[in-house]
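If you want the building blocks of each chain, they are given just below.
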Amino acid sequence: MSGIWTQSDDGWSLSSPEGFADEATLHDLIEKTPEMLPLSGTPALVILGREVLLGSGYADLLGVETSGRPVIVEVKLAYNNEARRAVVAQILAYAASLHGMSRQQLEDRVRNQLRQRDHATLVDAVRSTQEDAFDVDEFTAAVDEHLREGRFRLVFVLDDVPAELMTLVAYLEHVTDKLVIDLVAVNSFNVGGTFAVLPQRVTPERHEVTVEKTRSKDSGTLYRGSDRFETSIQQAPPQSHEALHRLLEWAHDLEKRGYVTLETYEGKGAKRFTLLPRLIVERRGLVTIWNDGGASIQFWRSVFERKAPDTIERIGQLAKTRVGQGNTIREYGEELLEALTEAYKQAATAQ
């Protein structure tokens, strides 16, 4: 059981959380120490403003990653049941307002608060956190692109995460590759007279097909392992055999390293086969390997952004295409497979 355990003469015991006096207390904590949030991909986060007007409401906290992606943070406590039910609609409304905004408009929204933090501009605020060289042009271009494309990180900070919220977040992550969503549970404790805080990232369960050998009229069959995929290679055009065997060999290497488990999906009519290298904990993969009249690799950007964001740019360069949600390539080289191996390593070891 996770939590804070303390030792006394009677042995070890699990401390009970004391909670927060009000939401403002938790707001203060996150605003002053955003690095305590265990966000997926471990980005560096800079808070730009608090109670920032977006549309018809005020976002609790507005920030930006040093990579240029805007971040909206909403804080809710368990006693505020009505607000917790509405929090998804609220944060999506804020994201919709932010989408299409120019960098100058964004900066205008937080200008007074930036000045209170002794920063003249958004760039100054981020530069002040960087120990190494800071590429202003790269950062501003990234901010512009994220605002234009509506690519944001949405962070829910709560003292208790209800099941319905996890279900909603899992659904949103499934249907879009433009939002990275983090659920963070934060509890406070009194440990020997010292105030202690325990933030934990909550990963929603994904609804996965778990059937091993069942078939229906409208769906295919999921098999454990890679045997069915290997057998299917003989049905593919001869000129694609080498590429399919190489991808199979690469997937086996991931499995031997302990990064993934392998499953094979046989499509309706036994004409389409996919090999699924899935992360062991999440049971989702960065890529899917297709045998559909030839060899192809399919990318899943939402998983990359959560589990291996630092690898996206490099893989896009090697694949000669944008790493999107469900887009595929048929041409690949050894350098790309090596980069994908590194991505899976990062994803498998991410906290």
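Residues numbered from 1 in each chain as written. Predicted model: local features only at pLDDT ≥ 70, side-chain atom pairs only at ≥ 80, totals over all residues. Heavy atoms only, no water.

## Overview of a nonpolar patch on the surface
- A cluster of nonpolar side chains, contributed by Trp5, Trp12 and Leu14, occupies part of the molecular surface with about 340 Å² of accessible area.
- The topology assignment puts Trp5 in strand E1 (residues 5–8). (Patch = residues over 30% accessible without salt bridge, like charges linked within 9 Å, V, L, I, M, F, W, Y side chains within 5 Å. Areas by Shrake-Rupley, 256 points an atom, 1.4 Å probe, with all protein chains shown as cover. Salt bridge = Lys/Arg side-chain N within 4 Å of Asp/Glu carboxyl O. Helix = DSSP H or I, 4+ residues; strand = E, 2+ residues; numbered from the N terminus.)

## What to know about the pattern of salt bridges
- Under the counting rule described, the total for this entry stands at 24 salt bridges.
- A salt bridge links Arg228 to Glu266, with the shortest nitrogen-to-oxygen separation between them at 2.6 Å. Taken together, the residues span a long stretch of sequence, with Arg228 in helix H7 (residues 227–232) and Glu266 in strand E10 (residues 260–266) at a distance of 38 residues.
- Between Asp253 and Arg257 there is a salt bridge; the shortest N-O distance is 2.7 Å.
- By relative accessible area, Asp253 is classed as partly exposed at 29%.
- By relative accessible area, Arg257 is classed as partly exposed at 47%.
- Each of Glu65, Arg69, Arg153, Asp182, Arg301 and Glu305 takes part in a single network of salt bridges with overlapping partners. (Buried < 20%, exposed > 50% of the residue type's maximum accessible area, 1.4 Å probe, protein only.)

## Some details on helix H6 (residues 163–175)
- An ideal rise of 1.5 Å per residue puts 18 Å on 13 residues; H6 measures up with 19 Å between its terminal C-alpha atoms.
- Of all the residues in H6, the buried ones are Leu165, Val169, Ala170, Leu172 and Glu173. End-on, the buried residues of H6 take up no more than an arc of 165°, which puts them together on one face. Facing away from the buried side of H6 by over 90 degrees, the exposed positions are Ala163, Glu164, Tyr171 and His174. (Expected span 1.5 Å × (residues − 1). Arc of directions from axis to C-beta.)

## Observations regarding the environment of Val110
- By secondary structure assignment, the location of Val110 is in helix H3 (residues 103–116).
- Taking C-alpha positions, Val110 is 8.4 Å from Arg50, a pair spaced 60 residues apart along the chain.
- Other than its neighbours up to four places away in sequence, Val110 contacts Leu48, Gly49, Val52 and Leu62. (Contact = heavy atoms within 4.5 Å.)

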